[in-house]
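Summary of structural features
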Amino acid sequence: RDIFPGEEIFIDYGINWEKAWDRHVKNWKPPTDSTYVPLADVTKRIRSFDNFPDNLELSCCLGKLTQEKYDDEENSDDQSKSMEDTELDGKTGFSCTRDELLDPTKLSPCEIVEYSHGISSDGKSNLPTVRIFYEKRRFLVKNYRRESITI
């Protein structure tokens, strides 16, 4: 029969799979690498970007990057261009809804390049600078909204 919107599919992988899963859960140990941090312990760190663990990858909302063309056509075959940062101001065009933060087509890997705690000279919270890796290009986005960064 057809599957209708809102219906769930349940798959029985069999008793062998279930036993293997139970063994995995019972025997799994976190890596002994000192940089490993369980996902459950990361919530506070993503808000402050303090000592962000290497075992997790950040993703940033693409925002206007999906709407504008940044690669000029005459240099599109130039390999060196993809290794340069295109600088952008993140004050506009990078806010995401909660649904967009859960949609992998709206996100791309990124890294925090710079972040200062506290309040800037104009009385506003300091915003991080991020490097977004998107379509073989690198975008250095200053004043990027913290709420548009996820793991």
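In this report, we go over the structure that sits alongside the text.

1. Thoughts on the overall build of the protein chain
Counting its secondary structure elements, the protein chain contains three helices and six strands. Reading the protein chain from its N end, one meets helices and strands in the order α-α-β-β-α-β-β-β-β. Carbon and sulfur atoms make up 48% of the accessible area of the protein chain, which amounts to about 11,500 Å² in all.

2. Digging into the sheet that holds strand β1 (residues 58-61)
One open sheet accounts for six strands, arranged β2-β5-β4-β3-β1-β6; its pairing is mixed. Looking along the sheet, the strands with just one partner apiece sit at the ends: β2 (85-89) and β6 (149-150).

3. Here we look at the pattern of salt bridges
In the structure shown here, the tally under the stated rule is five salt bridges. Residues R138 and D85 are paired through a salt bridge, measuring 2.9 Å at the closest nitrogen-oxygen approach. With a gap of 53 residues between them, R138 in strand β5 (residues 137-142) and D85 in strand β2 connect regions that are remote in the sequence. Of the charged contacts in the structure, one is a salt bridge between R131 and E111, with a shortest N-O distance of 2.7 Å. In this pair, R131 sits in strand β4 (residues 129-134) while E111 sits in strand β3 (residues 107-114), placing the two residues 20 residues apart along the sequence. The exposure class assigned to E111 is partly exposed, which follows from its relative accessible area of 32%.

4. Side note on unusual backbone geometry
We note that E135 has phi near 50°; this positive angle belongs to a residue other than glycine. Here E135 falls in the exposed class, since its relative accessible area comes to 61%. In this model, N143 sits at a positive phi of 60°, which is unusual for a non-glycine residue. Within the fold, N143 resides in the loop between β5 and β6. Residue N143 is classed as partly exposed on the basis of its relative accessible area of 26%.

5. Thoughts on the nonpolar core
If you look at the biggest cluster of nonpolar residues, it comprises 18 residues, and the most contacted ones within it are L65, I132, V141 and Y144. Where this core is concerned, the elements lending two or more residues are β1, β3, β4 and β5.

6. Notes on the state of the cysteines
Enumeration according to the criterion identifies two disulfides in this entry. Note on cysteine connectivity: C60 is disulfide-linked to C110, with sulfurs 2.1 Å apart. When the S-S torsion is 75°, as for the bridge of C60 with C110, the disulfide is right-handed. Of this pair, C60 sits in strand β1 while C110 is found in strand β3, placing the two residues 50 residues apart along the sequence.

7. A short note on a nonpolar patch on the surface
On the surface, a cluster of nonpolar side chains totalling about 820 Å² of accessible area is made up of I3, I9, I11, Y13, W17, W21 and V25. Positionally, W21 belongs in helix α1 (residues 15-27).

8. With respect to the packing of aromatic side chains
Within this structure, the stated rule accounts for three aromatic pairs. Pairing W17 with W21 gives two aromatic rings, centres 5.9 Å apart and planes at 0°, and the pair type is stacked. With a gap of four residues between them, W17 and W21 both fall in helix α1, about one helical turn apart. Judged by centre distance (5.5 Å) and plane angle (55°), the rings of F94 and Y144 are tilted. With F94 in the loop between β2 and α3 (98-101) and Y144 in the loop between β5 and β6, the pair connects residues that are 50 residues apart, well separated along the chain. The two residues F94 and Y144 agree in class, both being buried. Within the aromatic cluster, the residues linked to one another by ring pairs are Y13, W17 and W21.

Conventions and cut-offs
- Residues numbered from 1 in each chain as written.
- Predicted model: local features only at pLDDT ≥ 70, side-chain atom pairs only at ≥ 80, totals over all residues.
- Heavy atoms only, no water.
- Helix = DSSP H or I, 4+ residues; strand = E, 2+ residues; numbered from the N terminus.
- Areas by Shrake-Rupley, 256 points an atom, 1.4 Å probe, with all protein chains shown as cover.
- Pairing = 2+ DSSP bridges.
- Salt bridge = Lys/Arg side-chain N within 4 Å of Asp/Glu carboxyl O.
- Buried < 20%, exposed > 50% of the residue type's maximum accessible area, 1.4 Å probe, protein only.
- Core = buried A, V, L, I, M, F, W, Y, C linked by side-chain atoms within 4.5 Å.
- Disulfide = S-S within 2.5 Å.
- Patch = residues over 30% accessible without salt bridge, like charges linked within 9 Å, V, L, I, M, F, W, Y side chains within 5 Å.
- Phe/Tyr/Trp six-rings, centres within 6.5 Å; stacked < 30°, edge-to-face > 60°.

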